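# Observations on the model geometry
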Amino acid sequence: VVDIRGGKICDAGALSALLAALASNASLFALRFWQCALSSDGINLLSQALPESVTSISIGAEDDGVALSPLLKLPKLTTASLRCCAVATQEALAIEASLSTNPCLISLSLFSCGLGDEGAVPLLRSLRHNSTLTFLGLASNRLSDASARAVLEAVAPESTTNEAGKSGGEAG
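For the rest of this paragraph, the subject is the side chain of S107. Mapping S107 onto the fold places it in strand β5 (residues 107-109). Residues contacting S107, with those up to four places away along its chain left out, are T78, T79, A80, L133 and F135.

Okay, structure coming up:
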């Protein structure tokens, strides 16, 4: 595990040097960055140059507008924590799209990312079509009843949600 906290790794050269140094380490399985001022270009570099042995990544407390979704396209990634990263609705939709193409991701934390219902509801609805993700952490995201309904729709059997949508007072 490599854990970098508070480092200003916004420079592509510094991040490239770090990734080059880590590339030959076959036992490295997790990278953690907290308040490292990673840019969208830095996230793209990570997604292209991470050692193949990395199955877990944690990015925390990054600025608004950083595109995090490329990380979720890593083919061997099983765990991703994108905590306190100010995820805008557009980026939440990109994350939703990434969930449909990652066959290995089992855990995704978006704790305190400012999603609101606009970002959370599409992510929750995507769970209906994702058979590998077993944990989606959305705590501290200002969610309302709309998100709670989306959770129920995502986890309920298909016949239950179809029955719930019927009207007309049919006896059953």
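This is not the end of the story, as more comes after the structure.
All right, on to helix α1 (residues 12-22) then. All buried positions along α1 are accounted for by L15, L19 and L22. One side of α1 holds all its buried residues, which, seen down the axis, span an arc of 60°. Seen from the open side of α1, the exposed residues pointing more than 90 degrees away from its buried face are A20 and A21. Of the surrounding secondary structure, the elements contacted by the buried residues of α1 are β1 (2-5), β2 (30-34) and α2 (40-49).

Before going further, it helps to spend a moment on the pairing of β2. Bridge count between β1 and β2: four bridges; the pairing is parallel. Each bridged residue has a counterpart across the sheet, and for V2 the counterpart in β2 is L31. Summarising the sheet, β2 and strand β3 (residues 56-60) pair through five bridges and their orientation is parallel. Note that in β3 the partner of F33 across the bridge is I59. Considered for its hand, the β-α-β crossover made up of β2, α2 and β3 is right-handed.

Cut-off values and rules
- Residues numbered from 1 in each chain as written.
- Predicted model: local features only at pLDDT ≥ 70, side-chain atom pairs only at ≥ 80, totals over all residues.
- Heavy atoms only, no water.
- Helix = DSSP H or I, 4+ residues; strand = E, 2+ residues; numbered from the N terminus.
- Contact = heavy atoms within 4.5 Å.
- Buried < 20%, exposed > 50% of the residue type's maximum accessible area, 1.4 Å probe, protein only.
- Arc of directions from axis to C-beta.
- Pairing = 2+ DSSP bridges.
- Right-handed = clockwise from strand over helix to strand, strands pointing away.

Geometric values such as these leave the question of function open.
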